[in-house]
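Overview (structure and organization)
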Amino acid sequence: MFQYDPLRCLPSSAELPDSDETPVDNELQDLVPALLRSILVLLWAERNDWFFAIDMGIYYDPLQPPVVPDGFLSVGVERRVDPNGRLSYVLWEENGTVPIFGLEVVSQTYRGEYDRKLELYRQLGVLYYAIYNPRPGRRTPKPQPLEVYKLTDTGYVLQPGEPVWLPELNLGLGRAEGEFEGWQREWLYWYDAQGQRLLPAWERYRQAEGRIVLERQRAEQERQRAERLADYLRSRGIDPDALG
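Residues numbered from 1 in each chain as written. Predicted model: local features only at pLDDT ≥ 70, side-chain atom pairs only at ≥ 80, totals over all residues. Heavy atoms only, no water.

Thoughts on unusual backbone geometry
This is how it is decided: The numbering of helices and of strands both runs from the N terminus, where a helix is a DSSP run of H or I of at least 4 residues and a strand a run of E of at least 2. Using a 1.4 Å probe on the protein chains alone, a residue whose accessible area is under 20% of its type maximum counts as buried, one over 50% counts as exposed, and one in between counts as partly exposed.
Here the residue pair E162 and P163 is connected by a cis peptide bond, since its omega of 0 degrees sits within 30 degrees of zero. Looking at where P163 falls in the secondary structure, it is placed in the loop between strand 8 (155–158) and strand 9 (164–166). Look at N95: it is not a glycine, yet its phi comes out positive at around 55 degrees. Overall, the relative accessible area of 80% leaves N95 in the exposed class. The residue N170 is not glycine, and still its phi comes out positive at about 55 degrees. Looking at the element boundaries, N170 is found in the loop between strand 9 and strand 10 (171–180).

Section: the sheet that holds strand 6 (residues 128–132)
Short version of the rule: Here the rule is simple: two strands pair whenever DSSP picks up at least two bridges between them. Every axis in this analysis is a line fitted to C-alpha atoms, fitted for helices over the stretch in contact. Angles between the N-to-C directions lie between 0 and 180 degrees. Throughout, a residue-residue contact means that at least one pair of heavy atoms, one from each residue, lies within 4.5 Å.
With mixed pairing, the six strands of this open sheet are ordered in space as 1-3-5-6-7-8. Of all the strands in the sheet, just strand 1 (50–54) and strand 8 have a single pairing partner and so form its edges. Averaged over all neighbouring strand pairs, the angle between strand axes comes to 20 degrees, with direction disregarded. Pairing geometry for strand 5 (residues 101–105) and strand 6, over five bridges, is parallel. Note that in strand 6 the partner of F101 across the bridge is Y128. Running at roughly 160 degrees to strand 1, helix 1 (residues 27–43) makes contact with strand 1, strand 3 (71–75), strand 5 and strand 6 of the sheet. Along the sheet, helix 2 (residues 116–124) makes contact with strand 5, strand 6, strand 7 (146–152) and strand 8, crossing strand 8 at roughly 120 degrees.

Some remarks on the packing of aromatic side chains
The condition that has to hold: Between rings of Phe, Tyr and Trp, where Trp is taken as its six-membered ring, a pair exists when centres lie within 6.5 Å; planes separated by under 30 degrees are stacked, by over 60 edge-to-face, and by other angles tilted.
Enumeration over the complete set of coordinates arrives at 10 aromatic pairs. Between the aromatic rings of W44 and W50, the centroid separation amounts to 5.6 Å while the plane-to-plane angle is 75 degrees, which identifies the pairing as edge-to-face. Aromatic pair F180 and W187: ring centres 5.6 Å apart, planes at 80 degrees, arrangement edge-to-face. An identical accessibility class is assigned to F180 and W187; each is buried. Three or more aromatic residues joined by ring pairs make a cluster, and in this case those are Y121, Y129, Y149 and Y156.

Looking at the pattern of salt bridges
We count it as follows: The term salt bridge refers to a side-chain nitrogen of Lys or Arg lying within 4 Å of a carboxyl oxygen of Asp or Glu.
Overall, the coordinates contain eight salt bridges when judged by the stated rule. Across the pair K150 and E168 runs a salt bridge whose closest N-O atoms are separated by 3.1 Å. Taken together, the residues K150 in strand 7 and E168 in the loop between strand 9 and strand 10 connect sequence positions 18 residues apart. In this structure E168 comes out as partly exposed when scored by relative accessible area, which is 42%. Among the ionic pairs, R175 bridges to E162, the shortest N-O distance being 2.9 Å. On the criterion of sequence distance, the pair formed by R175 in strand 10 and E162 in the loop between strand 8 and strand 9 is long-range, its members being 13 residues apart. Residues participating in the shared-partner salt-bridge network are E162, R175 and E186.

The structure is reproduced here in structure tokens:
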């Protein structure tokens, strides 16, 4: 007897369009989530149960076009499912795992971040939805440069404070001045439970390099101090080597 399997009747990621060949994002819309992903690559290097995508389509209904966040994070899925990577994020290929975090970076043209997209993410069940306006002074429906909403039984609720703590991720999200890919400006960063900004690889390297330079300077200062002491002892007729 034929057994009906609804999953066999759904299109695969290979059959679904993964690009409409129309560039819609500006530079910051790619770089802001790219920085967040680069931090996770270091922080969760030993984990294989997460996936962070930038400007990738999320297919939730084979009859509907995908929603394409500027960035999103899923937890509880395989980080690598194919040697060539995911073409799209297809819910029926991810055991129905909805992203836990979605990010929209406000573009030059308002694209419904505060209403249409917010409602769609609510329907999908995305737990956290963040909206970041990287251009101070740009008119938007809300004045705050960063808003993080959490899904509740009554809908999305704006979370207070900054950085905003996301307990399900054991991470905070907030803004700080920094440099990424040679660009000095305000960026979004992950934070730890103590409110400390988590650093991307190049900043960690720079800090480590700075510590090495500092240790070399301290060693040189100690050598010079020892030489001055030895010279002083010799001037007094004392052999410094005899003192051990």
